[in-house]
Amino acid sequence: RQRQMCIRDRLGIAGVVIDRVVPDSEADRAGLTGIDYHNRVLGDVIVAVDGEAVAGLGDFLRLLQQYEIGEEVMIDVRRDDVVRSVAVTIMDIS
C-alpha cells in the first residue's frame, strides 16, 4: 500500500495504480497491466468502479465491498491517457 500511495502521489495521479497483475487472475484475463519497473512504464490506473469515481485506494476498497466473490464488476482503467471499461469477476485472494 505504501508504495502504491508513493507512486500515485509523486505523479499526481487520481485513481489506483495497478502495481502487478497475478498470472491467470481475473485482472490478467481482462488484459490489465501492472507497472513495468524494468522499462519504467506505468501500469493501468483504475479510475472508476461501475461508474463511480475512484480517487484512491480507500475509494476502490469501499466500492469493492459492495460485491460478492463471483460477481462481475465494470472497472474503468486509464492506460496512456485512454480510458476503457473492462469486466472483471471478483475473486477470492486469501
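The text that follows walks through the structure, step by step, so that each part is easy to find. Please read all numbers here as calculations on a predicted model, not as lab measurements.

### As for the environment of Gly58
Here is step 1 of the chain: In this structure, Gly58 sits in helix H3 (residues 57–64).
Here is step 2 of the chain: A sequence separation of 42 residues divides Gly58 from Val16, and the C-alpha atoms of the two residues are 9.3 Å apart.

### A closer look at the side chain of Asp76
Here is step 1 of the chain: For Asp76, the position within the fold is in strand S4 (residues 72–79).
Here is step 2 of the chain: Looking at Asp76, its side chain comes within polar contact range of the side chain of Ser85, at 2.5 Å.
Here is step 3 of the chain: If we ignore the near neighbours within four places in the chain, the residues touching Asp76 are Val45, Ile46, Val47, Ala48, Val83, Arg84 and Ser85.

### Some points on the pattern of salt bridges
Here is step 1 of the chain: Under the counting rule described, the total for this entry stands at three salt bridges.
Here is step 2 of the chain: Here Glu26 and Arg29 are joined by a salt bridge, their closest N and O atoms 3.1 Å apart. With Glu26 and Arg29 both in helix H2 (residues 26–29) and three residues apart, this pair spans about one turn of that helix.
Here is step 3 of the chain: On the accessibility criterion, Glu26 (21% relative accessible area) is partly exposed.
Here is step 4 of the chain: Notably, a salt bridge pairs Arg79 with Asp44, separated by 2.5 Å at the nearest N-O pair. Note that Arg79 is positioned in strand S4 and Asp44 in the loop between H2 and strand S2 (45–49), a separation of 35 residues in sequence.
Here is step 5 of the chain: Residue class for Arg79 comes out partly exposed when judged on its relative accessible area of 29%.

Parameters and conventions
- Residues numbered from 1 in each chain as written.
- Predicted model: local features only at pLDDT ≥ 70, side-chain atom pairs only at ≥ 80, totals over all residues.
- Heavy atoms only, no water.
- Helix = DSSP H or I, 4+ residues; strand = E, 2+ residues; numbered from the N terminus.
- Polar contact = N/O pair within 3.5 Å; in protein donor to acceptor, adjacent residues only side chain to side chain.
- Contact = heavy atoms within 4.5 Å.
- Salt bridge = Lys/Arg side-chain N within 4 Å of Asp/Glu carboxyl O.
- Buried < 20%, exposed > 50% of the residue type's maximum accessible area, 1.4 Å probe, protein only.

Just distances and angles here, no functional claims.
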